[in-house]
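# Descriptive structure summary
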Amino acid sequence: SPAHLDHHGGFPWLAGRGWIGRLCENGSDPRGSWRRSLARGSSHPGSVVFPLCADTLLGWGNGATIRVLAAERRLPADPNYNAGENNRSLVATLRTGRGAICFAGDVEADAERALLGQLEPVLVVKVPHHGSGTSSEAAWIDALAPRVAIISCGEGNRFGHPDRARWAAISSGASASSGPMRKG
C-alpha cells in the first residue's frame, strides 16, 4: 500500500498490541512518520519488518505462495505525488490449493497496464485504490477474472469512493469469465 494515512492509520493500534508479525513494505518512504509507531510495535518477539522488491515469490507454508509485483519501477516518474505514491503499492497474490487472492494496494491505471502481462486469474481481488475512477480498468479485471471483488472504503468518504462508473463496470462483470458481482 502507499504511505497514505488511510492505509497506515491503524498501525499504532495493531503494532502496539504486537499483532504485526511480519511486514513486507516497498521501502519507498524510509523517513515516513508511520514508521515510528511500527518500530515500537515491531519490537515484540518475532516481529520482522523488511523491504521487499518486485517480482518476488515467497513460500508461506502448506504449499501456499505469495507473488509480489511492483509496477512503479517500470513507470516513468509521475509529477502527481498521489498517483506516483499509489503506483508504488506492491501487488501481492496469495495462492493456495483452493484458489488465489490478489491484494492490489492503490495501483492506478498506469501501474495496472504495466503489470497486465504478469497477472493470472484469481478467485478474489481487493479492488485497487478503493474502486476509484483512476484504477480497475476493464483489461485489469479481465486479466484477473475474479469471481469476487472487494472494495475497501469508508461509507460517505470525502473522495467519493468507489467511483459509480467503475463500480458499475466491475459489478456488471467487466469480464465474461468473471461473472456478475454484487454490492454487499
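Heads up: the structure comes first, above all this text.
Parameters and conventions
Residues numbered from 1 in each chain as written. Predicted model: local features only at pLDDT ≥ 70, side-chain atom pairs only at ≥ 80, totals over all residues. Heavy atoms only, no water. Helix = DSSP H or I, 4+ residues; strand = E, 2+ residues; numbered from the N terminus. Contact = heavy atoms within 4.5 Å. Areas by Shrake-Rupley, 256 points an atom, 1.4 Å probe, with all protein chains shown as cover. Pairing = 2+ DSSP bridges. Axes fitted to C-alpha atoms, helices over the stretch in contact; angles between N-to-C directions. Core = buried A, V, L, I, M, F, W, Y, C linked by side-chain atoms within 4.5 Å. Buried < 20%, exposed > 50% of the residue type's maximum accessible area, 1.4 Å probe, protein only. Salt bridge = Lys/Arg side-chain N within 4 Å of Asp/Glu carboxyl O. Polar contact = N/O pair within 3.5 Å; in protein donor to acceptor, adjacent residues only side chain to side chain.

For the protein, the count of helices and strands is seven helices and eight strands. By sequence separation, contacts in the protein at least 24 residues apart represent 55% of the contacts at least 6 residues apart. Accessible area for the protein stands at about 10,200 Å²; split by element, carbon and sulfur atoms hold 54% of it.

We now examine unusual backbone geometry. Non-glycine residue Ser-136 carries a positive phi angle of around 60 degrees. Within the fold, Ser-136 resides in the loop between β7 (124-126) and α6 (138-144). The phi dihedral of Ala-145 is positive, around 45 degrees, even though this residue is not glycine. Tracing the chain through its elements places Ala-145 in the loop between α6 and β8 (148-150).

Relative to strand β5 (residues 91-96), strand β4 (residues 65-69) runs antiparallel, the two being bridged by five bridges. In the strand pairing of β5, Arg-67 is matched with Thr-93. Where β5 and strand β6 (residues 99-103) come together, five bridges link them in antiparallel fashion. Of the residues in β6, the one forming a bridge with Leu-94 is Ile-101. Taken together, β5 and the strand that follows it, β6, pair antiparallel across an intervening segment of two residues.

Read from one edge to the other, the open sheet built from six strands follows the order β3-β4-β5-β6-β7-β8, with strand pairing classed as mixed. Edge positions in the open sheet fall to β3 (56-59) and β8, since each of these has one partner strand only. Neighbour-to-neighbour, the strand axes of the sheet open up by a mean angle of 15 degrees, direction not taken into account.

Here we take up the nonpolar core. Within the largest apolar cluster, 18 residues are counted, with the highest numbers of intra-cluster contacts made by Cys-102, Val-125, Trp-140 and Leu-144. Every element with two or more residues in this core is listed here: β6, α5 (109-115) and α6. Per-element tally for this core: the top contributor is α6, with three residues. Excluding its chain neighbours within four sequence positions, the residues that come into contact with Trp-140 are Val-91, Ala-104, Val-107, Glu-112, Leu-115, Leu-116, Leu-119 and Pro-128. One finds Val-68, Ala-70, Leu-90 and Ala-92 within the second-largest nonpolar core, a separate group that totals seven residues.

Another point: the pattern of salt bridges. As enumerated under the stated definition, the model contains four salt bridges in all. The salt bridge involving Glu-137 is made with Arg-113; its shortest N-O contact spans 2.9 Å. Residue Glu-137 is found in the loop between β7 and α6, and its partner Arg-113 is found in helix α5; the two are separated by 24 residues along the sequence. Judged by its relative accessible area of 43%, Arg-113 is partly exposed. Salt bridges here are not isolated pairs; linked through shared partners, they connect Arg-67, Arg-95 and Glu-120.

With respect to the element layout, Arg-95 can be found in strand β5. Arg-95 sits 28 residues away from Arg-67 along the chain, and the two C-alpha atoms are 8.0 Å apart. Among residues more than four places away in sequence, those in contact with Arg-95 are Gly-63, Ala-64, Thr-65, Ala-100, Glu-120, Pro-121 and Val-122. Within the local environment of Arg-95, its side chain forms a polar contact with the side chain of Glu-120, the two groups lying 3.2 Å apart.

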